[in-house]
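Residue strings, one per chain:
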Amino acid sequence: MSQYGAKLKLALLFALLVFPIFINVGFSGSIRFDADPFNNLGAPSLPLSVLFFCVLFVLSCFRLKLTRNIYVLVMILLLYLIGNIMVSGNIRPFIIFFGLVVPILNYFIVREYIIRSNAAVDAHEIFYLVVSCIVLSKFLIDLLFFGNAFSNYFITKDIVIYNYYDYFPFVYLLTLLMAYQMMLFRKYVLFSVIVCFVCYSCIFFSYSRLYQVLSVLLVPLFVSLKCVRLPVAFVFYTSLAIVIVLSIVVGILGGENLEESLSVRFAHWHHFLLTLNFYELIFPFLNSYRQEMNSGSFHNEFLEIFSYFGVSVFLYFYIVNEIFVKVQPKFSVISSVLAFSLMTGMLVQLNITNPYIGIIWSTFMATISCRPVHIFSYENNLVNKKCSMAIG
C-alpha cells in the first residue's frame, strides 16, 4: 500500500476512535444516538469507539504482544472481580474492570497497527489533524445551527454527547496540548493558533471547572517542564502521590460546609476510610460502607478503583506509568503534562478509566510511543536508541 493510502487508513482509524457518538437502546428496542427519546442524558450510553475497539480486539487478540505484567494485572483484577460478584452482585465492578482494561489493550492494539502501517512516522500529526478537524467542525456547526460556541450535540440534535460537561472537554484539553507541541515544532502554526482559540473558548463555556483550571495551568506547566526537564515518571508518581494524600486527608477530615456536590463526595470518602479495617485494606470490597453504596460512585478515581480492586491499583498505575514513560524523547514534555492532567483530575471524577476518555488518551499515547527499531530508517533508529536509553 502507498504511503498516502496508509495515512488515509490511519486517519479513518483515529476518527472512529474519537467521534463522540454514543449508542443507546430506546423504549421500543430501537438503536438511538440521543441518550433517550427526550434528549435527556439520564440513560447510559455506549461510545461508538468502544464498539470499534471490541472489533479491533477480536481481529488482533491472537497476535497482540502484551507484557507479563499486563497478564498478571488482568488475572488479579479478575480474581477481585469474582470476589465483588460473590459479595455484592452489582454491575459497577464490571464497569470499572472494563474501564481499567480497555485503555491498556487499546494502546497496544493501536500501537501495533501504527507500526505495521507505512505512515508510522506521521502518526502523531495525523492524529492531531483528525482530532482538530473534529473539534473545528463541531465548533462551526454549533455556531451556525445551534447559536452557541458549544453544545452537547454532535452535528445534529439527534446525536447527543453523553456526559458532555464532565468528560468531553478532555478532547479540547488534549487538542490544546497537541497544538502547543505543533507550534513548538513550527508545524501548522496558523492552524494551531486557530485550534487553540477554539479549544479555549469551548472549555471556558463548558462549565467544567476541572478542565477550566487545567487549561489555565497548561501553558505554565508546559513551559516549566520544557525548562526543568523532569522525568515523566517523576511527574506521574508525584501527581499520583498528591491525589492519594489529598484523598486520605480530605476523606478523614471530611468536607462539611462546602458546595453541596463536593460535600456529598467528601462524605463518601470520609465514611469509607473511617470504616476500613486492616483486612479490608487488602479486600476493600468487603467494607460495609462500600456495600451500602451498592453501585454508587466516590467520584474519586483512586478510591473508586481501590474500593473494588484493592492493592492491584498500584500495579495498574505502574503499567499506566510505563505507557507514559515509553515515548519518543521529543514528546516527553507533552506526556508529562497529559499525565499530570489525568492524574490530578482523578480527585473529582473518573478520568483514566472513563471508556471514551480512556480510548482517546491511549490512542494518543500510541502515536507518540517508542517504536521497534526495525521499521524505521537509520535516522529514526538513532531516535529510538535514545528513547531506550531514556527509559532504562
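None of the values given here were measured: they were computed from a predicted structure.

Rules used in this analysis
Residues numbered from 1 in each chain as written. Predicted model: local features only at pLDDT ≥ 70, side-chain atom pairs only at ≥ 80, totals over all residues. Heavy atoms only, no water. Helix = DSSP H or I, 4+ residues; strand = E, 2+ residues; numbered from the N terminus. Buried < 20%, exposed > 50% of the residue type's maximum accessible area, 1.4 Å probe, protein only. Contact = heavy atoms within 4.5 Å. Disulfide = S-S within 2.5 Å. Axes fitted to C-alpha atoms, helices over the stretch in contact; angles between N-to-C directions. Nonpolar A, V, L, I, M, F, W, Y, C, P; charged D, E, K, R; others polar. Salt bridge = Lys/Arg side-chain N within 4 Å of Asp/Glu carboxyl O. Expected span 1.5 Å × (residues − 1). Core = buried A, V, L, I, M, F, W, Y, C linked by side-chain atoms within 4.5 Å. pLDDT = per-residue confidence, 0-100.

A. Structural detail: the overall build of the chain. The helix and strand tally for the chain stands at 18 helices and five strands. Looking at the chain as a whole, 53% of its 392 residues are labelled buried. Long-range pairs, those at least 24 residues apart, make up 72% of the contacts in the chain between residues at least 6 apart in sequence.

B. Focus on the side chain of Ser239. With respect to the helices and strands, Ser239 occurs in helix α10 (residues 232–253). Among residues more than four places away in sequence, those in contact with Ser239 are Phe340 and Met343.

C. Geometry of the environment of Val327. Following the sequence through the fold, Val327 ends up in the loop between α15 (312–325) and α16 (332–345). For Val327, a relative accessible area of 4% gives the class buried. For the pair Val327 and Cys370, spaced 43 residues apart in sequence, the C-alpha to C-alpha distance is 4.9 Å.

D. Structural view of the state of the cysteines. Enumeration according to the criterion identifies zero disulfides in this entry. Of all cysteine sulfurs, the one in Cys199 lies closest to Cys202, which takes part in no disulfide; the gap is 6.7 Å.

E. Highlighting the packing of helix α5 (residues 123–146) against helix α17 (residues 355–367). Interhelical geometry of α5 versus α17 gives an angle of 145° and a closest axis separation of 8 Å. Touching Ala123, His124 and Phe127 of α5 are Ile360, Thr363, Phe364 and Thr367, all from α17. Tallied by class, the residues present in the contact of α5 with α17 amount to four nonpolar, three polar and no charged.

F. Structural detail: the pattern of salt bridges. Here the structure, examined in full by the defined rule, presents six salt bridges. The salt bridge involving Arg116 is made with Glu112; its shortest N-O contact spans 2.9 Å. You can see Arg116 and its partner Glu112 sitting in helix α4 (residues 92–116), four residues apart, about one turn around the helix. When its relative accessible area of 54% is taken as the criterion, Arg116 is described as exposed. The partner of Lys187 in a salt bridge is Glu125, with the nearest N and O atoms 2.5 Å apart. Of this pair, Lys187 sits in the loop between α7 (169–184) and α8 (189–204) while Glu125 sits in helix α5; the two residues are 62 residues apart in sequence, bridging distant segments of the chain. Under the relative-accessibility criterion, Lys187 is labelled partly exposed at 35%. Glu125 sits in the buried class, given a relative accessible area of 17%.

G. Quick look at α7. Taking 1.5 Å of rise per residue, 16 residues should cover 22 Å, and α7 covers 23 Å from first to last C-alpha, within 8% of that figure. Here α7 lies mainly inside the structure; 14 of its 16 residues are buried. Count one or two residues on from α7 and you reach Arg186, which has phi positive near 60°.

H. Structural detail: unusual backbone geometry. Even without being glycine, Ile155 reaches a positive phi, approximately 75°. Here Ile155 is to be found in the loop between β4 (153–154) and β5 (156–160). Exposure remark for Ile155: the relative accessible area of 49% places this residue in the partly exposed category. Phi at Tyr188 is positive, roughly 50°, even though this residue is not glycine. Along the chain, the position of Tyr188 falls in the loop between α7 and α8. In this structure Tyr188 comes out as partly exposed when scored by relative accessible area, which is 34%.

I. Quick peek at the nonpolar core. Counting residues in each nonpolar core, the largest one holds 123 residues, and the members touching the most others are Phe317, Phe324, Trp361 and Met365. In this structure Trp361 touches Pro103, Phe170, Val320, Ile323, Phe324, Leu342 and Ile352, once residues within four positions along its chain are discounted.

J. Just the confidence of the model for the chain, in detail. When pLDDT is averaged along the chain, the result is 85, and 86% of the positions lie at 70 or above. Long-range and interchain partners of residues 373–384, a stretch whose pLDDT sits below 50, account for twelve contacts in this model, where long-range means more than four residues apart. Note that pLDDT drops below 50 for residues 388–392; the model gives that stretch three contacts with residues more than four away or on any other chain.

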